[in-house]
Amino acid sequence: DANRWAPVFIGTATEQADYMAESFSRAFTENTYQFNGLTIHRLYFREGDLYYLVQLGDWLVASPHSRAIEATVRSFTGSESAMSLSGSVSPEPGAYFNFPKTGSLARQLGAVRFRPNIKDAFNGLEPAPLSIEREGSGTEQVTRIRAVSAIQESKSSFIDAISKHPASLRMDRYIPSDVAVYGMLPAGSSINVPDSFEPESGLDSLFTDRPNRLSNIASAVGGEIAFAGFHTLGFSPLEETVFIRHISDRNTLRSELERLSDDGYGLKGQNTYTFRSSLLARTLGSDLCPYQDFVVGITGDVVILAPRTGLIQRVRNDISQRRVLFYDDDYLALRRQHPEELSGFFYADNQNFRSFIEPFTDPAGNALRYANYFDIAAISVVRDNQELAFSAHLHQLERRSRPFADRWYYPFSNANLTGPATIGNLFQESRNDIVFATTNNRVIALASDGTELFTVSTGQDRPIGSPILFDWYANNQTAILIAAGNKVYGWNNRGQLLPNFPFELSEDITSPLLIADVSRSGQPEAVVATADRQLHVLTGRGNNLNGWPQTTNSVIRHQPVFEAMDGRHSIWAFSENAIFGWNSNGNVRDGFPVFADAPLTGKPVLDSGHLFAGGADGKLYAVTPNGIFDSDIRSSLEGNGGTNSFTVEAVEASSSPLRATSVHTLRVPVISDNDNANTEQGSQTEIQTLIAAFSDNGSVFLYDKRGRLRFTQSAGRPLRTNTPLIITDLNRDNKPELLVVTEVGRMYAWTVENGTSFQELPSTAVHYPLAGRLGADGLMNIIAGTRDGIRSWALGQ
């Protein structure tokens, strides 16, 4: 295998090769062979490894690869040229780096099929000695590597780019602080069009026919440029790059881009332009920019190039929020260790760099193991006459543990969320996406890194609740559905309206959308309530199923559910204090409706044939065939159903309205029948199925199915009643937390198992928080609306 990693070890011969090889020979095996008049020994190790050994004068040479040994022999005997140093470098004992042969190293470690230019990236430099120094100890160490190489006349685009005269570089003001790798360097304003260039787009043809159009654009860009690569929790790193360049004439650049769009050579978006042209990409992003199809955005005094619009928005957001490296104290401390004026500066953060670089590497070469030698890498390049000086600082740091970290922020003004965001897979199972609706009648889809995928509008219709992600046509294509105004909207995963959508009803919709296979036909239906006290079940054409709509005694405000009770799936809904259940054909189930003593809040909660609800009178209600709560604490409601086939019972929970939200299986402290819930009475715990509920006055509760209180805590202030409480493991310790949000937006959480307060939460005022995992890092994320947009925080960084 020519691309196999093949180290060669050379040392002074204290013993003859023949004598050493005897200890590693194998009987009845050819232990040697001849090459160029020399004997090459095979060394067999007990672990099964095979090495090759040859003596070259006073030196012993060993390698696990025979072709590497043979290449060394050819160089030693003169049949093949050896590495030669320039006249200014005197050979001395130490380390050397053969820049002209970097292409061979790239083929061994890199997936050059994705980026073929990397194999020739260092063409144009001479071999150079390395100076290596190490400082520090324990968890704080730095390795400094320095090399000075002569510059050849003929050089690659990369070497040409970093061979400019040193200058003060300020592009780190525009680099997001969570970047995986970035570089900044001076950039010339010349246009380098290869003689062999063949236009591959109409825009390239325009530039070759009318080069002045390209010259006008080149004259508007400045002399600094930066490249940034991101690890974005699922998108291919081969696409997650941006080029950022300083602008010298903003008005001219914008005018030229507008002109190209008006002439039909580009597509104008909201503060962006989309083009297909390698010449334009190289003019704006330098000869290093590989883009053919790309998006351009102008922000302040820089122009940003990226493969997709979302990345433009991401960089804009981070610049506006000052979430950039220039404002990171740790980064600035590292940057000050390098000269002020540079020909190039490169930076990599190993937390994200390994994931970013992995698709560029060849798994057989196991290149990622070399990333273990640093946490932060910073490399500076300075040109001095006809030489380039490289200074690499590899830092091993003790990372400070942080309770949470900003992951991303997406702004929108004069609007709030209409419900919690929805996490799901719009395109591929390996990546989570986020979809949410806002009160300015928008439905927005974001990638897991917070970059925009698309935005759609519901016109004059205000969305209700959260979007639903569902395979509407059962074709493995995720659709986005939501109720808004008097319509049900549906889009595909690219933001295009589905056929027959929106469904339009004669009255405004009053409940969040439910998607379920009510007809049991294998095709889903849309379930919504309307202001005329009707509940609709709509087919894929927007028509009601036979037997629907059904009318209730009052308007349904909360989302219905489609769940099984007593072995049969039914639609369940609350209408003031009435609990309705319908069969798929629209017939009311026997024994329903049943009634509580007060209006019911939230949506029905079903588990194992039992229905639970919270009441405006502070009671926890249960509807069951035979009763479930303990007789000494329950109150039963007589004469509810038409056939009395179901029992309605309740336990007193709070003096203010109560909302039941969900059922969970959790570990809680053991209590005796005579004990009230006291989470600090002992260390014994048990696993129980618990009904989660909270009251308006700020208290949270977990009740077991006997109606016994097993957990309670108070935020000390009223809670937001339209936001369900969250129960999940926030810090990955296998002990779930219970999280609520108060009316003023403050989040509170407690560990269920022991009742201790969970302090590792952002203090930002939020609404509609959602907890979920976005990427392979396993971290829990809080995604929530804020005063001016939606944010994501990663917990346990």
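Residues numbered from 1 in each chain as written. Predicted model: local features only at pLDDT ≥ 70, side-chain atom pairs only at ≥ 80, totals over all residues. Heavy atoms only, no water.

1. Notes on the environment of phenylalanine 227
Summarising the element assignment, phenylalanine 227 is placed in strand S11 (residues 221-229). Taking the C-alpha atoms as reference, phenylalanine 227 lies 4.6 Å from phenylalanine 243; in sequence the two are 16 residues apart. Among all residues touching phenylalanine 227, those that are not within four sequence positions of it are Val181, Tyr182, Gly183, Thr241, Val242, Phe243 and Phe356. (Helix = DSSP H or I, 4+ residues; strand = E, 2+ residues; numbered from the N terminus. Contact = heavy atoms within 4.5 Å.)

2. Digging into the sheet that holds strand S49 (residues 747-751)
For sheets, the rule is that strands pair by backbone hydrogen bonds, running either parallel or antiparallel. Read from one edge of the open sheet, 3 strands run S47-S48-S49, paired in antiparallel fashion. With partners counted over all chains shown, the strands left at the sheet margins are strand S47 (726-728) and S49, one partner each. Mean inter-strand twist for the sheet, computed between neighbouring axes without regard to direction, equals 20 degrees. Two strands pair when backbone bridges link them, and strand S48 (residues 737-741) and S49 are joined in this way by 5 bridges, in the antiparallel orientation. Across the sheet, residue valine 741 finds its bridge partner in S49, namely methionine 747. (Pairing = 2+ DSSP bridges. Axes fitted to C-alpha atoms, helices over the stretch in contact; angles between N-to-C directions.)

3. A word on a nonpolar patch on the surface
A contiguous nonpolar surface patch, about 290 Å² in accessible area, is contributed by Val8, Ile10 and Trp59. Position of isoleucine 10 among the secondary structure elements: in strand S1 (residues 9-12). Take isoleucine 10: its relative accessible area is 55%, and that puts it in the exposed class. (Patch = residues over 30% accessible without salt bridge, like charges linked within 9 Å, V, L, I, M, F, W, Y side chains within 5 Å. Areas by Shrake-Rupley, 256 points an atom, 1.4 Å probe, with all protein chains shown as cover. Salt bridge = Lys/Arg side-chain N within 4 Å of Asp/Glu carboxyl O. Buried < 20%, exposed > 50% of the residue type's maximum accessible area, 1.4 Å probe, protein only.)

4. Comments concerning unusual backbone geometry
For the bond running from tryptophan 548 to proline 549, omega is 10 degrees, close enough to zero to count as cis. Note on placement: proline 549 falls in the loop between strand S32 (534-538) and strand S33 (550-551). A cis amide bond links phenylalanine 592 to the next residue, proline 593, at an omega of 5 degrees. Inspection of the secondary structure assignment puts proline 593 in the loop between strand S36 (578-582) and strand S37 (594-595).

5. Observations regarding the packing of helix H6 (residues 211-218) against helix H8 (residues 278-285)
Following both chains from N to C, one finds H6 and H8 inclined at 25 degrees, their axes separated by 9 Å at the closest point. Classified by the angle between their axes, H6 and H8 sit roughly parallel to one another. Crossing angle aside, the handedness with which H6 passes H8 is right-handed. Residues Leu214, Ile217 and Ala218 of H6 form the contact with H8, whose own contacting residues are Leu279, Leu280, Thr283 and Leu284. Its residues placed into classes, the contact of H6 with H8 shows 6 nonpolar, 1 polar and no charged. (Parallel < 35°, antiparallel > 145°, perpendicular 65-115°, else oblique. Left-handed = near helix turned anticlockwise from the far one by under 90°. Nonpolar A, V, L, I, M, F, W, Y, C, P; charged D, E, K, R; others polar.)

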